[in-house]
Amino acid sequence: MGDIGAYASNFSPPSLAVVFEQHGSPDEVARVIELPPIEIKENEVCVKMLASPINPSDINMVQGVYPIKVPLPEVGGHEGVGEVHAFGSAVKGLSLGDWVIPSPPSFVTVNPLTALLLLDDFAKVNPGDTIVQNGSTSIVGQCVIQLAKLRGVHSINIIRDRAGSDDVKERLKRLGADEVHTESQLQVKNVKGLLGALPEPALGFNCVTGNSATLVLKFLRQEGTMVTYGEQS
Ligand SMILES: NC(=O)c1ccc[n+]([C@@H]2O[C@H](COP(=O)([O-])OP(=O)(O)OC[C@H]3O[C@@H](n4cnc5c(N)ncnc54)[C@H](OP(=O)(O)O)[C@@H]3O)[C@@H](O)[C@H]2O)c1
């Protein structure tokens, strides 16, 4: 698309959308279509998306296995940030070029808010405490690392074994992770021996399940809390 001024009209610019008309494997049922310009009504805002991730829940929605069902046909994706391109005459408080995010009932900033709620809603975590999580390379996991760091909370992070795991560890440490372990490094008799000076975690996050969830549990202190919020494996 061109510059903002070019679209400050009563019509949206021609756009592309990824749509699915039935549930199934995304590579089979999703297709890109061209949307013609549509008139922007007085209460409507036309937003150009600047960045939008494909989250696991987006894939699950296309597959039809997500707990929330949407009417079909549907445009894929729920999270992102966009720029105001045009708006109707009754819209107040917005200027062309403002950055905006989707608001309820859409999913809003799915992953950062999930990370925030994980840290806030299940157990009281104070500065100096430790949390432990798996799936630490996920966007939720990276948000948890950064929010924990901002709060002075230590984080122990579990990642899958992979080529280049040292680079991944360094990357997560630059974000604020205290410790990063691969799953195979945790196949030891006494996982807590790896805590060093860190306090035993009171709170753990699991988005993988299976053996990886067991590793989170092994780090937790007596009567700690483990929150399962995904099942990537
Ligand atoms: N409950 C909620 O309200 C809520 C909200 C948001 C997200 N979630 C869940 O949070 C999780 C993370 O979401 P995201 O968007 O941040 O994910 P993402 O950025 O797409 O990352 C996916 C993560 O899953 C890991 N993974 C994938 N398959 C795996 C397997 N077989 N075994 C172990 N790890 C595996 C990946 O590890 P590698 O780096 O090794 O590939 C990566 O860490 C998902 O399960 C999602 O459904 C839940």
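The rules behind each value
- Numbering of residues starts from 1 in each chain and follows the order in which that chain's sequence is written.
- The predicted origin of the model limits local features to residues at a pLDDT of at least 70 and limits the giving and counting of side-chain atom pairs to 80 or more, whereas totals for whole chains, interfaces and linings rest on all residues.
- The basis for every side-chain value is the complete set of heavy atoms in the structure, and neither hydrogens nor water enter the calculation.
- UniProt positions are given in the numbering used here, feature names are shortened, and annotations may be inferred rather than shown by experiment.
- Here a salt bridge means any side-chain nitrogen of Lys or Arg lying within 4 Å of a carboxyl oxygen belonging to Asp or Glu.
- Per the convention used, a helix needs a DSSP run of H or I reaching at least four residues, while a strand needs a run of E reaching at least two, with both numbered from the N terminus.
- Each residue's exposure class comes from its accessible area (1.4 Å probe, protein chains only) as a fraction of the maximum for that residue type: buried when under 20%, exposed when over 50%, partly exposed otherwise.
- Here the rule is simple: two strands pair whenever DSSP picks up at least two bridges between them.
- Helix axes are fitted only over the stretch in contact, all axes being lines through C-alpha atoms; the angle between N-to-C directions runs from 0 to 180 degrees.
- Roughly parallel here means an angle under 35 degrees, roughly antiparallel means over 145, roughly perpendicular means 65 to 115, and every remaining angle is called oblique.
- Handedness of a crossing follows from how the near helix is turned relative to the far one, being left-handed for an anticlockwise turn of less than a right angle and right-handed for a clockwise one.
- Should any heavy atoms of two residues lie within 4.5 Å, those residues are considered in contact.
- For this scheme, ten residues count as nonpolar: Ala, Val, Leu, Ile, Met, Phe, Trp, Tyr, Cys and Pro. Four count as charged, namely Asp, Glu, Lys and Arg, and the remainder, Gly too, count as polar.
- Residue-level confidence of the predictor is what pLDDT reports, using numbers from 0 through 100.

If you look the chain up in an unreviewed UniProt entry, it shows as Alcohol dehydrogenase-like N-terminal domain-containing protein from Papaver atlanticum. As its UniProt record puts it under Subcellular location (unreviewed entry), the chain is described as follows: "Mitochondrion". The record held by UniProt for the chain lists under Cofactor (unreviewed entry) the comment "Zn(2+)".

Draft legend 1. Seen up close, the pattern of salt bridges. The tally for this structure, following the rule as stated, stands at three salt bridges. Put simply, Arg151 and Asp120 hold a salt bridge, and the shortest N to O gap is 2.6 Å. A residue pair is termed long-range when its members are at least 10 positions apart, and Arg151 in the loop between α4 (139–150) and β8 (154–159) and Asp120 in helix α3 (residues 110–120) qualify at 31 residues. Overall, the relative accessible area of 33% leaves Arg151 in the partly exposed class.

Draft legend 2. Up close: the sheet that holds strand β3 (residues 45–51). Read from one edge of the open sheet, three strands run β3-β5-β6, paired in antiparallel fashion. Each having just a single partner strand, β3 and β6 (99–100) make up the two edges of the open sheet. Bridge analysis of strand β5 (residues 81–87) against β6 gives two bridges, and the strand direction is antiparallel. Note that in β6 the partner of Gly82 across the bridge is Val100.

Draft legend 3. Main features of the UniProt feature "domain: Alcohol dehydrogenase-like N-terminal" (unreviewed entry) in the chain. Sites flagged by UniProt as "domain: Alcohol dehydrogenase-like N-terminal" (unreviewed entry) map to residues 42–101. Overall, residues 42–101 shows 13% helix and 30% strand. The separation of its end C-alpha atoms is 20 Å.

Draft legend 4. View of the packing of α3 against α4. Between α3 and α4, the shortest axis-to-axis distance is 8 Å and the interhelical angle comes to 55 degrees. Taken together, the axes of α3 and α4 lie oblique to each other. In this structure, the crossing between α3 and α4 has a hand that is right-handed. Contact residues: α3 offers Asn111, Pro112, Thr114, Ala115, Leu116, Leu118 and Leu119, while α4 offers Ile139, Val140, Cys143, Val144, Leu147 and Ala148. Counted by class, the contact of α3 with α4 contains eleven nonpolar, two polar and no charged residues.

Draft legend 5. Region of the structure containing the sheet that holds strand β4 (residues 74–75). The sheet built from three strands is open, its strands ordered β2-β1-β4 with antiparallel pairing. Of all strands in the sheet, those with a lone pairing partner are β2 (30–35) and β4, marking the two edges. Sheet topology note: the strand β1 (residues 15–20)/β2 ladder contains six bridges and is antiparallel. If you follow Ser15 over to β2, its bridge partner there is Leu35.

Draft legend 6. View of the confidence of the model for the chain. Of the residues in the chain, 94% reach a pLDDT of 70 or more, and the chain-wide mean stands at 92. Every residue in residues 1–7 is under pLDDT 50, and counting partners more than four places away or in other chains gives 13 contacts.

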